[in-house]
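Take a look at the letters that make up each chain.
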Amino acid sequence: MLSQARLAVLCSGFGSNLQAIIDAVRSGRLSVQIASVISDNPDAYAITRARQNNISCVLLNPKEYSTRSAMDQAILSELGKYQADWVILAGFMRLLGPQVVAAYRNRILNIHPALLPSFPGTHAIKRAWEAKVPVTGVTVHFVDEGIDTGPIILQEEVKILDGESLENLEKRIHEVEHRLYPKAIQQVIDKNKIPNNK
Ligand code: GRF
């Protein structure tokens, strides 16, 4: 008998990947407990999604912390409070500091809307579209100290169609993200089963 893995999902914005994770849990495709949602943005729609789904939600506003390290300490403290086993970055627009990465090494996942190592960083879909590459995609990877540099867990290609608009490509990439992220999370958790008596 194994206890259910506890996720903390960190979001800064719309939260569609958070929603995909919530939906996957509901439908039984993902066997986890979402212990908390942490947002660094008071205006994030992800906060509303958490509330609508009765998930504990914490706002950590960077403006209230004088240093990066103080903000990282606050994140670590919340992760500890909710006994998170896994840290799931879902559109979290902050680089986690070395203390957080070290404390949760190989337990922090991120989703990126491109085929890493191509197009790391922000506006990845737009940059791939502008570069007219024939194929882009989605990557789920472990988080290390760099920007989108950690070991890759799962990737899926998305071909850019002839004459495709950026909006259409964005829509198709997000559809892949919403399918791929729950699958990657389940895969990683299955490889790291946590004993019940931990
Ligand atoms: C996604 O495209 C994700 O790949 C990137 O940020 C976006 C977040 O979207 N890291 P949402 O907030 O989950 O809707």
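Shown above is the structure to which this text applies.
The shown structure was predicted, so the numbers you read here are calculated from the model rather than taken from an experiment.

1. Thoughts on the nonpolar core
Phase 1 of the analysis: If you look at the biggest cluster of nonpolar residues, it comprises 40 residues, and the most contacted ones within it are Leu-7, Val-9, Ile-88, Leu-109, Tyr-181 and Ile-185.
Phase 2 of the analysis: Take this core: its biggest share by element is ten residues, from helix 6 (residues 166-191).
Phase 3 of the analysis: In contact with Leu-7, other than residues within four places in its own chain, are Ile-21, Val-32, Gln-33, Ile-34, Ala-35, Ser-36, Trp-86, Ile-88, Ile-185 and Ile-189.
Phase 4 of the analysis: Membership of the second largest hydrophobic core comes to 22 residues, among which are Leu-10, Leu-60, Leu-89 and Leu-96.

2. Re the pairing of strand 6 (residues 135-142)
Phase 1 of the analysis: Of all the eight residues making up strand 6, seven are buried; the element is thus mostly covered by neighbouring parts of the structure.
Phase 2 of the analysis: The sheet contact formed by strand 5 (residues 108-112) and strand 6 spans four bridges and is antiparallel. Paired with Ile-111 across the strands is Val-140, a residue of strand 6.
Phase 3 of the analysis: The pairing of strand 6 with strand 7 (residues 152-159) spans seven bridges and is antiparallel. Bridging across to strand 7, Val-138 finds its partner in Glu-156.

3. Re the site of the ligand
Phase 1 of the analysis: The ligand sits among Phe-14, Gly-15, Ser-16, Asn-17, Gly-91, Ile-111, His-112, Pro-113, His-174 and Glu-177.
Phase 2 of the analysis: A distance of 2.9 Å separates an oxygen atom of the ligand from a polar backbone atom of Asn-17.
Phase 3 of the analysis: Between a nitrogen atom of the ligand and a main-chain N or O atom of Ile-111, the distance comes to 3.0 Å.
Phase 4 of the analysis: A total of 370 Å² of accessible area belongs to the ligand in isolation, and the protein chains cover 84% of it.
Phase 5 of the analysis: Looking at the shell around the ligand, the elements with two or more residues in it are helix 1 (16-26), strand 5 and helix 6.
Phase 6 of the analysis: Residue classes in the shell around the ligand are distributed as three nonpolar, six polar and one charged.

4. Structural notes on the sheet that holds strand 6
Whether parallel or antiparallel, the strands of a sheet pair through hydrogen bonds between backbone atoms.
Phase 1 of the analysis: Read across the sheet, seven strands follow the order 3-2-1-4-5-6-7 without closing on themselves; strand pairing throughout is mixed. Each edge of the open sheet is held by one strand with a lone partner, namely strand 3 (57-59) and strand 7. Going from strand to strand, the sheet's axes swing by 20° on average, the running direction of each strand aside.
Phase 2 of the analysis: The strands touched by helix 2 (residues 45-52) within the sheet are strand 1 (5-11), strand 2 (32-39) and strand 3, with strand 3 carrying the most contacts at an inclination of about 155°.
Phase 3 of the analysis: Sheet contacts for helix 3 (residues 68-81): strand 1, strand 2, strand 3 and strand 4 (86-89); angle to strand 1, the most-contacted strand, approximately 150°.

5. Some points on helix 3
Phase 1 of the analysis: An ideal rise of 1.5 Å per residue puts 20 Å on 14 residues; helix 3 measures up with 20 Å between its terminal C-alpha atoms.
Phase 2 of the analysis: Of all the positions in helix 3, only Met-71, Asp-72, Ala-74, Ile-75, Leu-76, Glu-78 and Leu-79 are classed as buried.
Phase 3 of the analysis: Those residues of helix 3 that are buried are in contact with strand 1, strand 2, strand 3, strand 4 and helix 4 (98-103).
Phase 4 of the analysis: In the stretch just after helix 3, Gln-83 is the one whose phi turns positive, near 50°.

6. Observations concerning the pattern of salt bridges
Phase 1 of the analysis: This structure, assessed with the given rule, holds six salt bridges.
Phase 2 of the analysis: The shortest N-O distance in the salt bridge between Arg-105 and Glu-145 comes to 2.8 Å. Taken together, the residues Arg-105 in the loop between helix 4 and strand 5 and Glu-145 in the loop between strand 6 and strand 7 connect sequence positions 40 residues apart.
Phase 3 of the analysis: By relative accessible area, Arg-105 is classed as partly exposed at 41%.
Phase 4 of the analysis: For Lys-171, the salt bridge is made with Glu-175, and the minimal N-O distance between the two is 3.5 Å. On the criterion of helical spacing, the pair formed by Lys-171 and Glu-175 is a turn pair, its members being four residues apart in helix 6.
Phase 5 of the analysis: By relative accessible area, Glu-175 is classed as partly exposed at 44%.

What counts and what doesn't
- Residues numbered from 1 in each chain as written.
- Predicted model: local features only at pLDDT ≥ 70, side-chain atom pairs only at ≥ 80, totals over all residues.
- Heavy atoms only, no water.
- Core = buried A, V, L, I, M, F, W, Y, C linked by side-chain atoms within 4.5 Å.
- Buried < 20%, exposed > 50% of the residue type's maximum accessible area, 1.4 Å probe, protein only.
- Helix = DSSP H or I, 4+ residues; strand = E, 2+ residues; numbered from the N terminus.
- Contact = heavy atoms within 4.5 Å.
- Pairing = 2+ DSSP bridges.
- Near = heavy atom within 4 Å.
- Polar contact = N/O pair within 3.5 Å; in protein donor to acceptor, adjacent residues only side chain to side chain.
- Areas by Shrake-Rupley, 256 points an atom, 1.4 Å probe, with all protein chains shown as cover.
- Nonpolar A, V, L, I, M, F, W, Y, C, P; charged D, E, K, R; others polar.
- Axes fitted to C-alpha atoms, helices over the stretch in contact; angles between N-to-C directions.
- Expected span 1.5 Å × (residues − 1).
- Salt bridge = Lys/Arg side-chain N within 4 Å of Asp/Glu carboxyl O.

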